[in-house]
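Chain by chain, the residues:
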Amino acid sequence: MKILRERGLRDLKRQPGRYIALLLLILLGVTVSTGISAGNESALAAVLDSQERGHVEDGYLTVPEPLDEELVSTLTGEGLQIEQADYADLSLPDDSTLRVYRNRSSINLVSLDSGTPPQNSDDIVLEKLYAKENGISVGDTVDLSGLTFRVSGLGSTPDYSTVTSRASDTSPDHKEFGTAFLSSGGLERLRRAEPQWVIGYSYVLADSDLTAEGLVRRIMTSAADGSGDPTTVASLLKQEDNPRINTVVDDTRVTRQIAFVAGGIALILIAYVLAVLIAESIRRESPVIGTLYALGLTRGELIQQYMMAPMLLAVVSAIGGTAAGIACAPYMQNNSAYYSFPDVHSQVSPLIVAYGLLVPVASVAIVSYSVLRRRLSREPLQLLRRDLGEPHAPRIGLVSLPFRTRFRLRGFIRELRTNVLTFTCIVLSLLLLVFSFGMRGSILAYSDAVRQQVPFSYMYIFDRAPSEVPDGAETASVRTVSLTDSSGSDVTFVGLDADSDHFGWDLPDSSPDHVHVSSSLALRRGLSKGDRLSLRTTDGSDHQVIVDGVLRYPGLAVFAQRDRANELFGDQPGAVNAAITDEADDALAAQARTVVDRSEMIRGADTLISLMGTTVHLILTASVVLFAIVMFLLMRMVVDKERYSISLMKSLGYSEREAGRFFLGNFLLIVLAALVVGVPISFAAMKPLWQYLISSLPAAFEFVLPRSSVIAIVLIVLAAYALVRLAAGRRLSRVDVTEALKDRE
C-alpha cells in the first residue's frame, strides 16, 4: 500500500493542471449553487424572522369610525389580538408620499436597522428603502403638513415587505412611496394639522375561535356607539391575500429552487466528466494495474487507492465551496434591494450545508467506485495487454479519401466511445447555458406579454356596484376564486359584456358552466378545450366548469359573458362590481377595493427581471467557466491518450500544427454536433422544469430561448473552444519526439 500511496502522490505532482482544473470545477459549482441558495435562504430567514418577531398581522380591516372600546375589550377577552392602526398618506415637497402610522406596540412591529424608536413628539422612523432612495439618514428632518420631524431611525415592518400604496400594486417605487411611524405624541400633533385619516385595525386571530369573516360579522352586528347604529367594515385584507406580506416569500423560494436545480445540473456534469477521466486513467495505467494484481494486490485495495485523489479533491472543494458560498451569501441575492426586511446575515442552514458538503462528495464517491469496480474486473493478463473489453473499430474502406480526412475519420471511429462521452459532456454543459439564458429570455417574454396582452389601462374592482361610471368605461363582474386541486391557486373570474371593446373577444352566449381560460392558467394547469375545472368561491361553494377555449392573457384568469358568470355564482344577471377604463379616474379609485393598473403590471414584470438578475448572471458566468474547464479536461485527456501517436507523427516530419489538426480537429465537429443536438434537447428538458420552478408565482409563462440567446450560446461555446484549443495546442507542443520510444505497447 505504501507503493500505491507514493504512486498516487507522484501522479498528483505529474499532472497538477488536471487536478487543479478538477478542483476548480467542483469548487465553482458548489460555491455558486450554495451561495445563491444560502443567500436566498438567508433572505427568507430574515423575512420569516421579521414576521415572527414582529407579530405579523393575520389581517387588516378599515372602518368609517373607531370601534367601540367595549367591543374591542370583548374581542380581546376571547383571545383576539387587535390594535388600532390608522394612517394618512401625506405628500412631501418632492412629490413623494409617506404613509404615516403610529408606532406599533403589539402587531406588525417596526424592526430598526439603525437609530432609535420615536420617543418624542418630533421623532419619526422611516422605511429604510424609501430613505435610501431619497438620501435621508438618521438625524435628518422631513416636513409633513407644515410640521418638521427629526428622523430617529430607519427600519422595516413585516406588513410592508413589498412597499406599495395599494395591495394590488405589483411593484414598489421606493423613491415615490414609503411608510413612516410616529410616537403617540407625534401622531396627535400631526392629527391636529392633518384631519384626513383612514381608520383601520390590525388583528391576529391567535387563540380565538374567530375567522376573518366571523370577525367582520361580529363588528358589523355590534353598535359602534350609543346610537345603536351598526359599524360597517369598509375593507378587509387577509394575510394570505396580501401581496405586501407574501410576495417576498414566494419570490425568494423560486430563486432558491433555481439555485438547487442549477447546482444539481453542474454536479451531474462534474460526475460525468470525472467518470470519463477515471476510465481513461485506468486505460492508460492498465499494465501497471495488471502487474500489481499479479503481485497479489486485491481489487479493493486498488479501488481504494485510485479513489483517494478524486475523493480528496471532492472533500477539499466541497468544504471550500460551501464555506465560500455561505460567506458570500448576502452578496449573491438582491431581494434586499427590492423588498423591505431586516438586514441579511449568512444563515448556516443544515439543508444548505448538507447540499454543499454531502452531495458533491457522495456523487464523486459513487461515480468513482462504480467506474473503478467495472474497469478493474478484468484478469491481470487482460490489463497487461490493455484489453479492457472495448470494441475494435470496424474496418471501413476509405481508400478514395485524402490521407488527412481518412486519418481523422479512422481516428474518430476508433475512439468512438470517447467521442460519444465527450459529446455527452458538452451537451450537459449546454444545459446550464440554456438554463441561464432561458431564464432571462422567459422573464423578458413575460414582460412583453403583459405589455401586449393586457387590453386595458385600469380595472377598478368594488365591493358593490359603483355609484357612477364615466363615459367610455366598461362594467364587468370580477370575483376571486380558487382551484380545488392541491395547488389551491387563486384565479380571477371575469364576467365581460358580450360586446366588450377593451378585450375584443367573441365570448359565446353558452351555458353558465362553459368558460374560457387565460393562456397563463392553461399553461399552469395543462388545460385545453373540453377539460373540466373545479372552482371554489370565498364562501366555500364549488362550481364545475368546462373549458371552451384558451385566450391570450398573462394572468391566471377565467372569462365568460357577464350574465352567464353571474348566473353561475347565483347573482343577478346584470350585477357588476368593476369598471374598466383607459384613463385613471380618481372618483373610481376612491370607491375601489382593488385597482389593477396595467403600468403597475408592466413594472412588476420588469422588476422580476432585475430581481432575478444576480442569479442569472452568476449561473451564466459559472456555466461558461464550467464549460471551458470541461473542454480543457477532455482535450487534455485526448492529448495524453495519444502521446505515442503524436510523438510518432512528429518523428515522421509532421509539424505541431498538423499534428494538432490530426488529433484535435475532430473536437470542433463534436462541439458543432453538440450545439445542433444539445440546444434543442436542453430547451425541451427545461420547459417542464421551468413550470415547476415558477409554480409559486401568481402567473405562468413559457420557458423561452430567443434567437439572440441561441446565437450568444453558439458564440460563447465557439470562443471557449478556441481558447481551450490554444491551451491544448501548448500541451501538444510539449509532447517530445522521443515519447514514441518509451512505450511500444
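Residues numbered from 1 in each chain as written. Predicted model: local features only at pLDDT ≥ 70, side-chain atom pairs only at ≥ 80, totals over all residues. Heavy atoms only, no water.

Enquirer: Kindly report on the nonpolar core, identifying the contributing residues and their values.
Expert: Across soluble globular proteins, nonpolar side chains have a tendency to be buried as a group. Ranked by internal contacts, the top residues of the largest apolar core, which has 127 residues, are I258, F435, L496, F503, F559, M631 and I713. The element that contributes the greatest number of residues to this core is helix 17 (residues 598-641), accounting for 21 residues. Beyond its immediate sequence surroundings of up to four residues, I713 is in contact with L430, L433, V434, F437, L675, V679 and L705. (Core = buried A, V, L, I, M, F, W, Y, C linked by side-chain atoms within 4.5 Å. Buried < 20%, exposed > 50% of the residue type's maximum accessible area, 1.4 Å probe, protein only. Helix = DSSP H or I, 4+ residues; strand = E, 2+ residues; numbered from the N terminus. Contact = heavy atoms within 4.5 Å.)

Enquirer: Describe in detail the sheet that holds strand 10 (residues 200-204), supporting the description with residues and values.
Expert: Spatial strand order, 2-10-1-11: four strands in an open sheet with antiparallel pairing. One side of each edge strand has no neighbouring strand; the edge strands of this open sheet are strand 2 (81-84) and strand 11 (235-238). Neighbour-to-neighbour, the strand axes of the sheet open up by a mean angle of 20°, direction not taken into account. In this structure, strand 1 (residues 59-62) lies alongside strand 10, joined through four bridges in antiparallel fashion. Across the sheet, the residue bridging to Y60 is S202, located in strand 10. (Pairing = 2+ DSSP bridges. Axes fitted to C-alpha atoms, helices over the stretch in contact; angles between N-to-C directions.)

Enquirer: Summarise the pattern of salt bridges; cite the residues concerned and give the values.
Expert: Going through the model one piece at a time under the given rule, you end up with 17 salt bridges. Measuring nitrogen to oxygen at the nearest pair gives 3.4 Å for the salt bridge that ties D343 to K128. One end of the pair, D343, is in the loop between helix 9 (299-327) and helix 10 (350-375); the other, K128, is in helix 4 (residues 128-133), with 215 residues separating them in the sequence. Owing to a relative accessible area of 42%, D343 belongs among the partly exposed residues under this scheme. (Salt bridge = Lys/Arg side-chain N within 4 Å of Asp/Glu carboxyl O.)

Enquirer: Help me get a handle on the packing of aromatic side chains, residues and values and all.
Expert: All chains considered together, the criterion is met by 14 aromatic pairs. With a centroid separation of 6.0 Å and an interplanar angle of 65°, the aromatic rings of W690 and F701 are classed as edge-to-face. In this pair, W690 sits in helix 19 (residues 656-693) while F701 sits in the loop between helix 19 and helix 20 (707-733), placing the two residues 11 residues apart along the sequence. Take W690 and F701: they sit in the same class, and that class is buried. Taken together through their ring pairs, the aromatic side chains of Y446, F683, W690, F701 and F703 make up a single cluster. In this arrangement the basic side chain of R189 is found over the ring face of F149, its NZ or CZ atom lying 4.7 Å from the centre. When the ring centre of W197 is taken as reference, the NZ or CZ atom of R191 above it lies at 4.7 Å. (Phe/Tyr/Trp six-rings, centres within 6.5 Å; stacked < 30°, edge-to-face > 60°. Lys NZ or Arg CZ within 6 Å of the ring centre and 35° of its normal.)

Enquirer: Give a detailed account of a nonpolar patch on the surface, specifying residues and quantitative values.
Expert: On the surface, L668, L669 and L672 cluster together into a nonpolar patch covering about 240 Å² of accessible area. Secondary-structure assignment places L669 in helix 19. (Patch = residues over 30% accessible without salt bridge, like charges linked within 9 Å, V, L, I, M, F, W, Y side chains within 5 Å. Areas by Shrake-Rupley, 256 points an atom, 1.4 Å probe, with all protein chains shown as cover.)

By themselves, these are just geometric observations and shouldn't be taken as functional.
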